[in-house]
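For reference, the chains in residue letters:
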Amino acid sequence: MVDQTHYSIPETNYSHDEDIRIDSIKARFRNVVKRHAELTDRLSRDSDKMIFERLQKEFDAAQASQTQEIYLEGEDWNDGLLATIRERVHMEAERKASGDSSILLDSPLLEKSTYRVGSKVICCLEGARIGIQYETSFAGEPCEFYHCVLESKSFLEKMTVQEHTVPFFLPIREAENDLLSSNAMKFIDHVGELLQAYVDRREQVRLMKELYGNQIGDLYHSLPYHMIEFVLDDFECTRITVSLKYADLIMVLPTRVRVMAWPLNSYRQIVGKESTASPSNLIPARLSYAEDALRILSLPEAFAEFVLNLPQALEDTFPSPMSNASSED
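## Some points on the nonpolar core
Right, on to step 1. Core analysis: the largest hydrophobic core is formed by 62 residues, its most contacted members being Phe-187 and Phe-230.
Right, on to step 2. Ranked by the residues each element gives to this core, the list is headed by helix α4 (residues 184-212), at twelve residues.
Right, on to step 3. Once residues within four sequence positions are removed from consideration, Phe-230 is found in contact with Met-208, Ile-216, Asp-218, Leu-219, Ile-240, Thr-241, Val-242, Leu-299 and Phe-303.
Right, on to step 4. Residues Leu-55, Phe-59, Ala-62 and Cys-123 belong to the second largest nonpolar core, which totals six residues.

See the structure below:
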């Protein structure tokens, strides 16, 4: 039989030293993250705001001068319609450039139409450009508008992204290279999916912090919120770490989930003095029931679900000495 007391003292000291070093590293890392966020905001805020305000005015003017707004559903939104819009903006630009008045004012080619496809508004802008305004939302409530302006030198040449207000950390340029020249409609839809999913993940984190912030310790996330980690410290002898990863930026539920329960020194010191203590009680454990909830529910809903059952799960995973003694009796 192994003398567990012989090993418990050095293990406890070692763990205590480890905790001190980890806390020091975490404090420095929090400071770096804070400074990075401040720098990012300072560098992008003014220029992004100016672009947004200018484009919003241009979109508002285009919608104000429209002769009709057309709602599209299902197969009504297709490559043929997009080609018609492209042809219209180029013919209008050429007419203005040449001063040609031979086209009657009531010609269909001069109709100023905007098209609403779900949460997207597509309109014709000056200079042979097509503008797309993306309207995002969360839980039925509207969030931000984003813009993307497409242009081409002629109807026969491929379109490019002239400017946009999509956050810099979302891969709009990659989508442009992969999709825009071959399938412009798919590009437009994909950018909308990227934006809506980003807003959804971000708002899930915001709402979770708003509702349960007093139970959450450290919380870290990537700029697109496709990697999220947080810690629950509201337990005397155990620390809970949650790690979420999203394999694709259009996803709103994580594809990789890891929830770990870590016995703290206070627990190690208690069970280390018990001759009946099992070494497995000192090993971090995965909480599968919590991982299952996080895979299928939104973050605030999953948080409430797994925290509700957490005390019993921890008691089953790390039995206290008193419960061990009771079971032996």
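## Concerning the environment of Leu-82
Right, on to step 1. By the element assignment, Leu-82 lies in helix α2 (residues 79-98).
Right, on to step 2. Along the sequence, Leu-82 and Ile-122 sit 40 residues apart, while their C-alpha atoms lie 9.6 Å from each other.
Right, on to step 3. Those residues in contact with Leu-82 that sit more than four places away from it in its chain are Trp-77, Ala-184, Met-185 and Ile-188.

## Here we look at the sheet that holds strand β4 (residues 129-138)
Right, on to step 1. Read from one edge of the open sheet, six strands run β1-β2-β3-β4-β5-β6, paired in mixed fashion. Here the strands that pair on one side only, and so sit at the sheet edges, are β1 (68-72) and β6 (160-164). Strand-to-strand twist in this sheet, taken as the mean axis angle between neighbours without regard to direction, amounts to 25 degrees.
Right, on to step 2. Bridging between β4 and strand β5 (residues 141-151) involves nine bridges; their strand directions are antiparallel. When the sheet's bridge partners are listed, Ile-130 is paired in β5 with Leu-150.
Right, on to step 3. Set on the sheet, α4 makes contact with β3 (120-125), β4, β5 and β6; between it and β4 the angle comes to about 25 degrees.

## Observations concerning the sheet that holds strand β9 (residues 238-245)
Right, on to step 1. Spatially, five strands are ordered β7-β8-β9-β10-β11 in an open sheet, and the strand pairing comes out antiparallel. Edge positions in the open sheet fall to β7 (216-221) and β11 (285-286), since each of these has one partner strand only.
Right, on to step 2. The sheet contact formed by strand β8 (residues 227-232) and β9 spans six bridges and is antiparallel. Following the sheet pairing, Val-231 is matched in β9 by Thr-241.

## A closer look at the environment of Ala-290
Right, on to step 1. Mapped onto the elements, Ala-290 comes out in helix α6 (residues 288-296).
Right, on to step 2. When the C-alpha positions of Ala-290 and Arg-258 are compared, they lie 8.8 Å apart, and in sequence the two are 32 residues distant.
Right, on to step 3. Leaving out residues up to four positions away in the same chain, Ala-290 has contacts with Val-259 and Phe-306.

## Overview of the pairing of β9
Right, on to step 1. Sheet analysis places β9 next to strand β10 (residues 256-263), joined by eight bridges and oriented antiparallel. By the bridge assignment for β10, Arg-239 is matched with Trp-262.

## A closer look at the pattern of salt bridges
Right, on to step 1. Applying the stated criterion to the full structure yields 13 salt bridges.
Right, on to step 2. Note that Glu-135 is salt-bridged to Arg-116, the shortest N-O span being 3.2 Å. With Glu-135 in strand β4 and Arg-116 in strand β2 (residues 113-117), the pair connects residues that are 19 residues apart, well separated along the chain.
Right, on to step 3. In this structure, Arg-295 and Asp-292 form a salt bridge, with 3.2 Å as the shortest nitrogen-oxygen distance. Of this pair, Arg-295 and Asp-292 both sit in helix α6, three residues apart, which is roughly one turn of that helix.
Right, on to step 4. What makes Asp-292 partly exposed here is its relative accessible area of 43%.
Right, on to step 5. Overlapping salt bridges, with partners in common, bring together Glu-144, Arg-202, Glu-203, Arg-206 and Glu-210 in one network.

Calculation rules
Residues numbered from 1 in each chain as written. Predicted model: local features only at pLDDT ≥ 70, side-chain atom pairs only at ≥ 80, totals over all residues. Heavy atoms only, no water. Core = buried A, V, L, I, M, F, W, Y, C linked by side-chain atoms within 4.5 Å. Buried < 20%, exposed > 50% of the residue type's maximum accessible area, 1.4 Å probe, protein only. Helix = DSSP H or I, 4+ residues; strand = E, 2+ residues; numbered from the N terminus. Contact = heavy atoms within 4.5 Å. Pairing = 2+ DSSP bridges. Axes fitted to C-alpha atoms, helices over the stretch in contact; angles between N-to-C directions. Salt bridge = Lys/Arg side-chain N within 4 Å of Asp/Glu carboxyl O.

None of this, on its own, says anything about what the molecule does.
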